[in-house]
Amino acid sequence: MVKVDLGGCSSFVKESVYKDYVGKALAAFDVLESEKGAGNDFLGWKTLPIDIPESLVAEFEAIKADWKARGVNLAVVIGIGGSYLGARCAIEALSHQFVRLEGEIRVVFAGNNLSEDYLAELMDLVEQSNAACVVISKSGTTTEPAVAFRIVKEYLEKKYGKKEASERTVAITDAKKGALKTLATQEGYRTFVVPDNVGGRYSVLTPVGLLPIVLAGFDVRAMLKGAADERAEVLKKGEKNAAVEYAAMRNLLYSELGKKVEVLVNYNPKFQYLGEWWKQLYGESEGKDQKGIFPASVNNTTDLHSVGQFIQEGDRVMFETVVKAEKAQRSVVIGRDEQNLDQLNYLAGQHVEHCNAMAALGTKLAHIDGGVPQLEVAVEKIDEYNLGAIFYFFEFACGISAYLLGVNPFNQPGVEAYKKNMFALLRKPGYEAQTEEILKRI
C-alpha cells in the first residue's frame, strides 16, 4: 500500500498549523465521500477498482489473442491527455527499458501531438510491422487524435482491406453518440465505452487504460486488486489517512508558505511517465480560478546535474514530493578494480540501488537545508499491484486536495481556449469571425 512520510516538512511547519489543515482536509474528504461537491457527476472513478467485471478483462484478452493469431506485433494507441497517459505510464513502468518482451505486442502511442515528423516516423514503424489500432476519443473530433486516426485508418484499409482493417481496429468512445461512435457502428469496430461519469484524467482503470496495458502483456487483474486495496485504505477516515496527509500538507505549503510549485521527483526512470500522468491529473484538476499548485517533475539522479541547481538555490517557490519504490526488482553489484583510477573501490561490493538511496537521502538533506520541503510517497516495488495502488491514491488525494483548495476537481474549462484560436487559424467552418479577429492580433 501507499505510504506517506511528511518528515521532510517538519522543520518548515508548526504542528498546530498542520493539524488545522488536516481538519480542513478531513472536511474535504467528507465532501468527496458525500458526493455533493462540485463536479459530483464525474465520480465514477471512485468505484472502478471494484466495478470492473472479469468479463471485461476477458474481452481485452480475447482481442489480444485474436490479434496475435493474425500476426499483429504492433498496436498503435491513439489518444491525448487522459486517453493515453495512464496506459503509457503503466507500460513504461512495467516494461524492460531496452528489450520488448518476446512474443508480446509492442504498444506505441499517437494522436498526442501535431508533429509531422513524429507522425511520419510512426508510420515508418507501422509500415515495417503487422499493425492494429486502438483509437480513444469521447467525441471523435478532438484534433490531435482525429488527425492521427485518419492517417492510420487509411493505411490499414489500404494494406489489409476494409473488412480486415475493421477487425484490427478497436474504438473506445461514447456509448451512444459522437463521430467516433458513428464510425465504429458503420465500420463494425469492436467498441468499449468511456464512462460518462469518469473524466479523462481519471480513466486509467477504464478500458481507456486497461486494454492497452493488456495488449502490452501486463496483468490488469493485479492492477485492479492494488487499486481496490488502496481504495479500502483511503476510505478509512482519520488523521493518519495517507491521502488526507498528502492533501493537507501540500495545501499548507501552498497557502501558508507560498510554495506554488510541486516537483514530483523519482529516482527510477521507470517512473518518468508517472510524472507525466500526475502532472495532468493535478494540473487540470487544481489549476483554475487563478489558484493551484503548478505540477512539475524531475528524474533523479539525472536532473540533479541540470535543474538540481535551481531546486537547491533558485527562487524558493517549490516543494518536492519524492515517489519511490522501496525494493529494486533486479540486482547489480559494483565490482573491485585493481587500478582504482575512478576511485570507486570504496563502493566495491555495494548494490547500485544502495548508492541510489544514499543519493536520494543526501539530496533530501541538502534541499531541506536549502529551503525546499520534501514529502515522500512510497510503494513496495514497481509492479502491477503497486501501480494500481498509486494510481488510486493520487486520484483520491487529488479530489480531497482540490476541494480543500476550493475548486472543482473534475472540470477543465480552460483547455478550450487554445482550441478556439487554433480552429480559427485553421479556418475551420464556423470560425470565420474569430479568424478575422485573430489575424488582427498577429
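Predicted, not measured: the structure shown is a model, and the values here were computed from it.

Moving on, we come to the environment of Ser129. Within the fold, Ser129 resides in the loop between helix H5 (116–127) and strand S4 (131–136). With relative accessibility at 11%, the residue Ser129 sits in the buried group. Measuring from C-alpha to C-alpha, the distance between Ser129 and Ala28 comes to 50 Å, with 101 residues separating the pair along the chain. Filtering out sequence-adjacent residues up to four positions away, Ser129 remains in contact with Asn73, Leu74, Lys159 and Tyr160. Within polar-contact distance, the side chain of Ser129 engages the backbone oxygen of Leu125 at 2.7 Å.

This next bit is on the state of the cysteines. Taken as a whole, this structure holds zero disulfides when the rule is applied. Cys398 supplies the cysteine sulfur nearest to Cys9, a cysteine that is in no disulfide, at a spacing of 18 Å. By relative accessible area, which is 0% here, Cys9 ends up buried.

The subject of this paragraph is the nonpolar core. It is characteristic of soluble globular proteins that their nonpolar side chains tend to be buried jointly. Trp45, Trp67, Trp277, Phe393, Phe394 and Ile400 are the most contacted members of the largest nonpolar core, which has 103 residues in total. Counting residues per element, this core draws most heavily on helix H15 (residues 384–405), at 15 residues. If we skip the residues at most four places from it in the chain, Trp277 touches Leu85, Gly86, Cys89, Arg201, Val204, Phe391, Phe394 and Glu395. Formed by 24 residues, the second largest nonpolar core is a distinct cluster that contains Val135, Tyr155, Leu156 and Tyr160.

Where nonpolar side chains cluster on the molecular surface, the patch consists of Leu114, Val147 and Ile151 and spans about 220 Å² of accessible area. When you line up the elements, Val147 lands in helix H6 (residues 143–160).

Below, the discussion takes up helix H4 (residues 85–94). Extensive coverage of H4 is indicated by the burial of nine of its 10 residues. Leu85, Gly86, Ala87, Arg88, Cys89, Ala90, Ile91, Ala93 and Leu94 are the residues of H4 that are buried. Buried residues along H4 sit against strand S3 (106–110), helix H9 (207–215), helix H10 (220–234), helix H12 (272–286) and H15.

What follows covers the sheet that holds strand S2 (residues 74–78). In spatial order, the strands read S3-S2-S4-S5-S6; together these five strands make up an open sheet with parallel pairing. For this open sheet the edge positions go to S3 and strand S6 (190–193), each flanked by a neighbour on one side alone. Neighbour to neighbour, the strand axes of the sheet diverge by 20° on average, direction disregarded. Summarising the sheet, S2 and S3 pair through five bridges and their orientation is parallel. Bridge pairing in S3 places Ala75 opposite Val107. Together, S4, strand S5 (169–173) and S6 form the strand contacts of helix H8 (residues 179–187), whose direction differs from that of S5 by roughly 145°.

According to the stated counting rule, one finds 32 salt bridges in the structure shown. In this structure, the salt-bridge partner of Arg70 is Asp66, at a minimum N-O distance of 3.0 Å. Exposure remark for Arg70: the relative accessible area of 27% places this residue in the partly exposed category. With its nearest N and O atoms 3.1 Å apart, the salt bridge here joins Glu276 to Lys279. Highlighted residues: Glu276 and Lys279, both in helix H12, separated by three residues, approximately one helical turn. Classification of Glu276 by relative accessible area gives partly exposed; the value is 28%. Residue classification places Lys279 among the partly exposed positions, given a relative accessible area of 24%. Salt bridges linked by common partners bring Asp66, Arg70, Glu164, Glu167, Arg168 and Arg190 together as one network.

All chains considered together, the criterion is met by 19 aromatic pairs. Their ring planes at 65° and their centres at 5.8 Å tell us that Phe29 and Phe396 sit as a pair that is edge-to-face. Taken as a pair, Phe29 in helix H1 (residues 15–34) and Phe396 in helix H15 lie far apart in primary sequence, 367 residues in all. For Phe29, a relative accessible area of 3% gives the class buried. Ring geometry for Tyr246 and Phe393: centres 5.8 Å apart, planes at 45°, overall tilted.

What counts, and at which threshold
- Residues numbered from 1 in each chain as written.
- Predicted model: local features only at pLDDT ≥ 70, side-chain atom pairs only at ≥ 80, totals over all residues.
- Heavy atoms only, no water.
- Helix = DSSP H or I, 4+ residues; strand = E, 2+ residues; numbered from the N terminus.
- Buried < 20%, exposed > 50% of the residue type's maximum accessible area, 1.4 Å probe, protein only.
- Contact = heavy atoms within 4.5 Å.
- Polar contact = N/O pair within 3.5 Å; in protein donor to acceptor, adjacent residues only side chain to side chain.
- Disulfide = S-S within 2.5 Å.
- Core = buried A, V, L, I, M, F, W, Y, C linked by side-chain atoms within 4.5 Å.
- Patch = residues over 30% accessible without salt bridge, like charges linked within 9 Å, V, L, I, M, F, W, Y side chains within 5 Å.
- Areas by Shrake-Rupley, 256 points an atom, 1.4 Å probe, with all protein chains shown as cover.
- Salt bridge = Lys/Arg side-chain N within 4 Å of Asp/Glu carboxyl O.
- Pairing = 2+ DSSP bridges.
- Axes fitted to C-alpha atoms, helices over the stretch in contact; angles between N-to-C directions.
- Phe/Tyr/Trp six-rings, centres within 6.5 Å; stacked < 30°, edge-to-face > 60°.

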